[in-house]
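Chain by chain, the residues:
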Amino acid sequence: MQPIRLVLAATEEDYIEPFLQYIRCSEFERRLVVTAFSRKEALWKYIENEPDEMDAVLGETSFREGWQGKLREGAPWIELREGGYSDREVRSGLGVSKYQPLSRLLAEIEEMIRGRRETVGNEGKTKLIGVISAAGGSGKTTVSIQLARQFASEGKHVIYISLESLQSNISSDGREEVEAEGRPGLARLLYDLKASGEKHQKPRHPISHYVYRNAFLRGDAFPALYNLNEMKELERSDVVALLEFIIESRSYDAVIVDTDSIPDFRIETVMERADQLLWIVGENQIILDKTVKWLVFLERTNPGLYNGIIGKSLFVANRTTEEVPRSLPERNIPISAVLPWISAWNGLTGYAEGQRQAPAYQRDVMKLSRLLHENENRTAPGGRESPACSKMSSS
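Residues numbered from 1 in each chain as written. Predicted model: local features only at pLDDT ≥ 70, side-chain atom pairs only at ≥ 80, totals over all residues. Heavy atoms only, no water.

1. Quick notes on the overall build of the chain
- The helix and strand tally for the chain stands at 14 helices and 13 strands.
- Burial statistics for the chain: of 395 residues in total, 53% are counted as buried.
- Considering only residue pairs separated by 6 or more positions, the chain has 70% of its internal contacts joining residues 24 or more positions apart. (Helix = DSSP H or I, 4+ residues; strand = E, 2+ residues; numbered from the N terminus. Buried < 20%, exposed > 50% of the residue type's maximum accessible area, 1.4 Å probe, protein only. Contact = heavy atoms within 4.5 Å.)

2. Describing the sheet that holds strand 12 (residues 313–320)
- The sheet built from eight strands is open, its strands ordered 8-9-7-10-6-11-12-13 with mixed pairing. Of all strands in the sheet, those bounded by a partner on one side alone are strand 8 (212–214) and strand 13 (337–340). Each strand axis lies, on average, 30 degrees off the axis of its neighbour in the sheet, ignoring direction.
- Sitting on the sheet, helix 10 (residues 265–273) touches strand 6 (127–132), strand 10 (254–258) and strand 11 (276–281), and the angle it makes with strand 6 is about 140 degrees. (Pairing = 2+ DSSP bridges. Axes fitted to C-alpha atoms, helices over the stretch in contact; angles between N-to-C directions.)

3. Some words on helix 9 (residues 236–248)
- Over its 13 residues, helix 9 runs 18 Å from end to end, which matches the ideal 18 Å to within 8%, given 1.5 Å per residue.
- Those residues of helix 9 hidden inside the fold are in contact with strand 6, strand 7 (158–162), helix 7 (185–198), strand 10 and helix 10.
- In the segment just after helix 9, Arg 250 is the residue with positive phi, at about 55 degrees. (Expected span 1.5 Å × (residues − 1).)

4. Quick word on the sheet that holds strand 4 (residues 77–81)
- On the basis of which strands lie adjacent, the open sheet formed by five strands has the order 2-1-3-4-5 and parallel pairing. With one partner strand each, in any of the chains shown, strand 2 (32–37) and strand 5 (95–97) form the two edges of the open sheet. Averaged over neighbouring strand pairs, the angle between their axes works out to 25 degrees when direction is ignored.
- Note: strand 4 against strand 5, three bridges, orientation parallel. Residue Arg 81 lies in a different strand from strand 5, and its bridge partner there is Ser 97.
- With respect to the sheet, helix 1 (residues 13–24) is in contact with strand 1 (4–9), strand 2, strand 3 (56–59) and strand 4, its orientation differing from that of strand 2 by roughly 165 degrees.

5. Section: the packing of aromatic side chains
- Here the structure, examined in full by the defined rule, presents six aromatic pairs.
- Here the aromatic rings of Tyr 22 and Phe 28 are separated by 6.4 Å at their centres, their planes lie at 40 degrees, and the arrangement is tilted.
- When its relative accessible area of 26% is taken as the criterion, Tyr 22 is described as partly exposed.
- When the ring of Trp 279 is compared with that of Trp 294, the centres are 5.1 Å apart and the planes differ by 70 degrees; the resulting orientation is edge-to-face. Here Trp 294 lies in helix 11 (residues 285–301) and Trp 279 lies in strand 11, a separation of 15 residues in the sequence. Like Trp 279, the residue Trp 294 is buried in the burial classification.
- What links up through ring pairs into an aromatic cluster is the set Tyr 15, Phe 19 and Tyr 99.
- Looking at Arg 149, its charged tip hangs above the ring of Phe 216, at a distance of 4.4 Å from the centre.
- When the ring centre of Phe 151 is taken as reference, the NZ or CZ atom of Lys 156 above it lies at 6.0 Å. (Phe/Tyr/Trp six-rings, centres within 6.5 Å; stacked < 30°, edge-to-face > 60°. Lys NZ or Arg CZ within 6 Å of the ring centre and 35° of its normal.)

6. Points about the packing of helix 7 against helix 9
- Relative orientation of the contacting elements helix 7 and helix 9 amounts to 100 degrees, with a least axis distance of 10 Å. Here helix 9 runs roughly perpendicular to helix 7, going by the angle between their axes. Along the contact surface, helix 7 presents Leu 186, Leu 189, Leu 190, Leu 193 and Lys 194, while helix 9 presents Asp 238, Ala 241, Leu 242 and Phe 245.
- Among the residues forming the contact of helix 7 with helix 9, the class breakdown is seven nonpolar, no polar and two charged. (Parallel < 35°, antiparallel > 145°, perpendicular 65-115°, else oblique. Nonpolar A, V, L, I, M, F, W, Y, C, P; charged D, E, K, R; others polar.)

As structure tokens, then:
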């Protein structure tokens with residue numbers, strides 16, 4: 001079920017904090033994503049700059065006074081009222097009582113918004129997408145992050161997970177560090193999963209306890225791990241427990257997993273568990289040849305794994321400047337998508353700035369997203385055929 005994105009506007013921090021804490025520790029944790037404001041100017045700025053980031057505003061009357069703007073169509077303003085209100089206003093979804101049990105208040109809000117909102121595809125199903133590459137420098141992390149942003153723009157609730165030994169910084173403007181502050185993160189979740197697994201129990205805290213909402217991604221992520229030992233000590237069972245915990249939380253429509261380029265058990269686990277795999281290649285012959293060698297090695301040494309993954313794989317030529325091959329060398333596997341090199345990226349650092357310079361890239365990532373949807377239920381017999389090719393222009 002796709003969670004509701006609710007904006008809370010209240011002047012009292014003593015109201016906001018218990019509100020947010022209750023959601024984190026209740027059954028509403030996977031059904032509501034709440035962004036809270038205690039200042040009018042900050043709320044107005046958010047609504048003007050992020051109109052697609054909300055399904056409704058739950059706010060006190062004072063936050064609306066003097067504001068001449070409009071909410072996007074289908075995103076109602078629900079008055080958070082201290083006094084009474086008429087039955088007509090309740091039926092129209094214009095107001096709820098501020099001081100009532102939070103379970104009742106949230107259920108009332110959820111009923112209002114669910115009736116208005118059009119749900120988007122695959123209700124209740126979490127899709128796991130693995131992004132892999134046979135060589136470094138292919139732009140694997142760029143594809144992962146841009147795809148997460150694209151899914152979020154389509155109304156999906158997304159989490160980005162990096163299983164790279166050396167993790168990339170998602171944003172370049174400092175917002176990630178501020179928003180991630182205080183979150184326990186991936187290392188703590190892995191510890192809690194192992195400890196609870198030994199007792200045959202589930203972790204005490206929900207997934208929202210460990211992640212933060214990344215403003216650039218418009219989705220969730222873990223704070224970056226800078227201690228290399230934390231990733232080196234990761235075992236196959238840890239990766240399995242992590243992926244299962246996130247999927248079983250039913251908090252997300254899509255889980256996008258970014259992996260290392262060196263084949264190891266982490267990549268194999270993602271290959272096995274993923275619903276879809278994106279192999280990032282390019283026009284570089286070295287990367288193409290390494291990809292083919294990896295596939296040949298898998299087919300020879302682990303045919304079960306090979307046959308299990310090839311039918312759910314799409315091959316994407318990334319950072320292309322010239323004509324790319326229509327298929328992998330010496331293999332009957334088409335390159336299904338092409339993403340362009342953006343000359344404005346030269347000299348830029350950080351994904352946030354690069355995104356502002358890459359409308360052509362965003363366009364083709366949108367096409368890649370549609371291709372993933374089209375190929376979602378396709379399978380390939382005997383590991384010899386891959387999903388249909390749908391070429392994208394890089395011009």
